[in-house]
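Coordinate analysis (summary)
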Amino acid sequence: MSTVRARVDIAAPVDEVFAFFDDLANAAVLVPSLDEITEVTALPEGGRRVEYTTRGRGGVRLDASSEHLVYDPPHRTVTTSVQSGVETTATRAFTTTATGTRVEASVTWSVPVRYVAGLVSAPLRRPYRQALRDGLEAARVALER
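Remember, predicted model here, so these are calculated numbers, not experimental data.

1. Focus on the packing of aromatic side chains
- Per the counting criterion, the structure on display carries 5 aromatic pairs.
- With a centroid separation of 5.4 Å and an interplanar angle of 70°, the aromatic rings of F21 and F94 are classed as edge-to-face. Placement of the pair is F21 in helix α1 (residues 14-22) and F94 in strand β6 (residues 86-97), with a sequence separation of 73 residues.
- According to the relative accessible area criterion, F21 is buried, its value standing at 8%.
- By relative accessible area, F94 is classed as buried at 5%.
- A network of ring pairs unites the aromatic residues F18, F20, F21, Y71 and F94 as a single cluster.

Now the structure itself:
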């Protein structure tokens, strides 16, 4: 398993920041490669399951899905996702600060085939880290306008 982490401070109240991250209308801000959300299913314990597609290298369309494992507004979410055989777990924690909200996020991933995991996992570190940082920064910019 591999993990990347990032955090951002946003000059907005925690309820507003959580709502921004939770609103699927903002999904393309957080995940610029998002192509289409194809299905949303509410989960009995809160949160949801989302089927969607993204655009990969060369514009290739990739099917993906995500599901909340933990949904604790406005404090924390844990989501599991699968895309192209790579399983990820994304965690977001929202904390009130003197100037607004701190969002601490991480993405952990694993590749199911042990013998190729090292070959696949290492090249994913940089793009996952960059996507995490870019998404947090895009949220900050959108919320602080």
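2. Things to note about the pairing of strand β2 (residues 34-42)
- In terms of strand pairing, β2 meets strand β3 (residues 48-55) through 7 bridges, oriented antiparallel. Looking across to β3, one finds that E36 is bridged to T53.
- Between β2 and β3, which follow one another and run antiparallel, lie 5 residues, and G46 among them has a positive phi close to 100°.

3. Points about the nonpolar core
- Core analysis: the biggest nonpolar cluster contains 22 residues, and I10, V17, F20, F21, F94, V103 and L136 have the highest contact counts within it.
- Looking at this core, the elements that each hand over two or more residues are β1 (2-10), α1, β6, β7 (100-110) and α3 (114-143).
- For F94, the contacting residues outside a window of four places in its chain are V14, V17, F18, F21, P74, H75, R76, T101, R102 and V103.

4. Some points on the pattern of salt bridges
- By the definition in use, this model includes 9 salt bridges.
- Linking D9 and R102 is a salt bridge whose minimum nitrogen-to-oxygen distance equals 2.7 Å. Here R102 lies in strand β7 and D9 lies in strand β1, a separation of 93 residues in the sequence.
- Classification of D9 as partly exposed rests on a relative accessible area of 34%.
- Residue R102 is classed as partly exposed on the basis of its relative accessible area of 25%.
- As a salt-bridge pair, R49 and E67 come within 3.2 Å of each other at their nearest N and O atoms. Taken together, the positions of R49 in strand β3 and E67 in strand β4 (residues 61-72) put the pair 18 residues apart, joining distant regions of the chain.
- One network of salt bridges, with partners in common, ties together D35, E36, R55 and R61.

5. Overview of the layout of surface pockets
- Roughly 1,600 Å³ of volume is contained in the largest pocket.
- Together, 49 residues line the largest pocket, and V31, S33, Y52, Q83 and Y128 are the ones closest to its centre.
- Tallied by class, residues from the lining of the largest pocket come to 27 nonpolar, 15 polar and 7 charged.

Thresholds applied
- Residues numbered from 1 in each chain as written.
- Predicted model: local features only at pLDDT ≥ 70, side-chain atom pairs only at ≥ 80, totals over all residues.
- Heavy atoms only, no water.
- Phe/Tyr/Trp six-rings, centres within 6.5 Å; stacked < 30°, edge-to-face > 60°.
- Helix = DSSP H or I, 4+ residues; strand = E, 2+ residues; numbered from the N terminus.
- Buried < 20%, exposed > 50% of the residue type's maximum accessible area, 1.4 Å probe, protein only.
- Pairing = 2+ DSSP bridges.
- Core = buried A, V, L, I, M, F, W, Y, C linked by side-chain atoms within 4.5 Å.
- Contact = heavy atoms within 4.5 Å.
- Salt bridge = Lys/Arg side-chain N within 4 Å of Asp/Glu carboxyl O.
- 1 Å grid on protein atoms, 1.4 Å probe; cavity = no way out; pocket = protein on both sides within 12 Å on 5 of 7 lines; lining within 4 Å.
- Points joined across faces, edges and corners; volume = space filled by probe spheres on them.
- Nonpolar A, V, L, I, M, F, W, Y, C, P; charged D, E, K, R; others polar.

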